[in-house]
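Structural overview for review
The primary structure of each chain is shown beneath.
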Amino acid sequence: MSHVFSVVMLDGDSADNVRALRKAAQDGDFFGRFFIASPDFELANFTVDELVNSVLTLAFLNGGDTITAEEILPLVRGVKSVKEFFAALETINLTGVAKGADWGAKLMEHAIGYPELPQGHEHAGKFRPVIEAARIMISAQDAGYVRSLERFVVDPGTGELREK
């Protein structure tokens, strides 16, 4: 056993990965906390309006097009995944905006500044899952792996730790 407390975040639309993670938790091969983002990381942690604001910031910072939220919002309202979100953006050929390190950094910067999900998100008022995961990683440093393993078990359905 490696004595590693793991924190995993998966997109819910990756059924094979979700199934494998849940089985590992059920079999005792995984110890830690996992989050299944529905449908994906971006929409579980941000509203479409927040994603649009991140797009506008990245476009500006990368010397891209000058476009407004009012021009983008009608294209992306009602998207069901970040894949659909970026597909809609492709219709306007935004420069300097794509999934990648800059995108992730901009989202994390926003999440740190605004740790709770805003109005308009189905889980408004709760902490963003990514913030919850970060807090767990920070507190796990002092928790003691063996003590935690003796006291808790991973719920394979929810990914949460529960008392044995």
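These lines cover the structure that appears in this document, whether it is placed above or below. (Residues numbered from 1 in each chain as written. Predicted model: local features only at pLDDT ≥ 70, side-chain atom pairs only at ≥ 80, totals over all residues. Heavy atoms only, no water.)

Brief notes about helix α6 (residues 101-113)
A turn of α-helix holds 3.6 residues, and therefore any two residues three or four places apart point the same way. We count it as follows: Numbering goes from the N terminus for both helices and strands, where a helix is a DSSP run of H or I of at least four residues and a strand is a run of E of at least two. Each helix should span, by expectation, one fewer than its residue count multiplied by 1.5 Å. Type-normalised accessible area, obtained with a 1.4 Å probe on protein chains alone, sets the label of each residue: buried when under 20%, exposed when over 50%, and partly exposed for intermediate values. Directions from the helix axis toward the C-beta atoms define the arc. Contacts between residues were defined by any pair of non-hydrogen atoms, one from each residue, lying within 4.5 Å.
Under the 1.5 Å per step criterion, the end-to-end length of α6 is 18 Å for 13 residues, consistent within 8% with the ideal 18 Å. Taken residue by residue, α6 has Trp103, Lys106, Leu107 and Ala111 as its buried positions. Taken down its axis, α6 places every buried residue within 135 degrees of arc, on the same side. Exposed residues pointing more than 90 degrees away from the buried face of α6 are listed as Ala101, Asp102, Glu109 and Ile112. Among the structural elements, α2 (41-45), α3 (48-61), α5 (82-90) and α7 (129-143) are those in contact with the buried residues of α6.

Re the packing of aromatic side chains
Worth spelling out the cut-off: Pairing of aromatic rings covers Phe, Tyr and Trp, the last through its six-membered ring, and needs centres within 6.5 Å; plane angles under 30 degrees mean stacked, over 60 mean edge-to-face, and all others mean tilted. Think of it as a cone above the ring: NZ of Lys or CZ of Arg counts as a charge over the ring if it is within 6 Å of the ring centre and within 35 degrees of the ring normal.
Counting across every chain of the model gives seven aromatic pairs. Every member of this aromatic cluster is reached through a ring pair, and the members are Phe5, Phe31 and Tyr145. In this arrangement the basic side chain of Arg33 is found over the ring face of Phe35, its NZ or CZ atom lying 4.1 Å from the centre. Cation over ring: Arg135 sits above Phe127, and NZ or CZ is 4.0 Å from the ring centre.

Limitation: the analysis is restricted to geometry and does not speak to function.
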